[in-house]
Amino acid sequence: MLTALLTVLFLTACSNQEVSDYDYSFTGESEHWIAEYFVQGTEKWGKKNDIVTYSNEGNHIFTLKYKGTLEELASVKTLGYSYETNTSSGLSDMEFDEPLTEIVFTSRGRSTGAKVGEDEIIQVHVKWDDAEESFELHNRGERIFPR
């Protein structure tokens, strides 16, 4: 009888939790680069002892692609890029001793805590050798790069 009562109490407590999944794709481009910031996660709202609880877990992928040819980019010796959301940021600096063999650069991460907002504008800055460009990513609701 006690086990049944505890099970009912546990299920009742769990039913007070609201779970919401999200999946956003922010895209943008400059003269030489196109980028996407894809974020997917789960928010959980609940109540414990009359106190509202919140948790968020998510994964993100930032993809940067050169719009020209590999031959145009092959001689690059340094490449750095950064992106910044309202809740997080990413930075990558690379040096190359040999010619580049790729025009797509990807970084992945996992986050907990604050969530990237659906209507955020994400700032991107790219610097390769002596050239640099900055641009914004906006939520367009569709993926431009495959998962």
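Now for a description of the structure that goes with this document.

The rules behind the values
Position numbers for residues count from 1 along each chain, tracking the sequence in the order it is written. Owing to the predicted nature of the model, reporting of local features is limited to residues with pLDDT of at least 70; listing and counting of side-chain atom pairs is limited to 80 or more, with chain, interface and lining totals taken over all residues. Note that the side-chain values use all heavy atoms of the structure and ignore hydrogens as well as water. Runs of E in the DSSP output that reach at least two residues are strands. Runs of H or I that reach at least four are helices, and both are numbered from the N terminus. Throughout, a contact is declared for two residues whenever any of their heavy atoms are within 4.5 Å. Throughout this description, the term salt bridge denotes a Lys or Arg side-chain nitrogen within 4 Å of a carboxyl oxygen of Asp or Glu. Working definition: with a 1.4 Å probe on protein chains only, accessible area under 20% of the residue-type maximum means buried, over 50% means exposed, and in between means partly exposed.

With that settled, consider the environment of Trp128. Relative to the helices and strands, Trp128 resides in strand E7 (residues 121-128). Between the C-alpha atoms of Trp128 and Thr78, which are 50 residues apart in sequence, the distance is 5.5 Å. With residues up to four places along the chain from it excluded, the contact list for Trp128 reads His32, Trp33, Leu73, Val76, Thr78, Leu79 and Glu133.

Here we come to the pattern of salt bridges. All told, the structure shown has three salt bridges when counted by the stated rule. The partner of Glu29 in a salt bridge is Lys67, with the nearest N and O atoms 2.5 Å apart. On the criterion of sequence distance, the pair formed by Glu29 in strand E1 (residues 18-29) and Lys67 in the loop between strand E3 (51-66) and helix H2 (70-73) is long-range, its members being 38 residues apart. The closest approach of N and O atoms between Glu57 and Arg110, which form a salt bridge, is 3.0 Å. Residue Glu57 is found in strand E3, and its partner Arg110 is found in strand E6 (residues 104-112); the two are separated by 53 residues along the sequence. Glu57 gets classed as partly exposed once you look at its relative accessible area, which sits at 43%.

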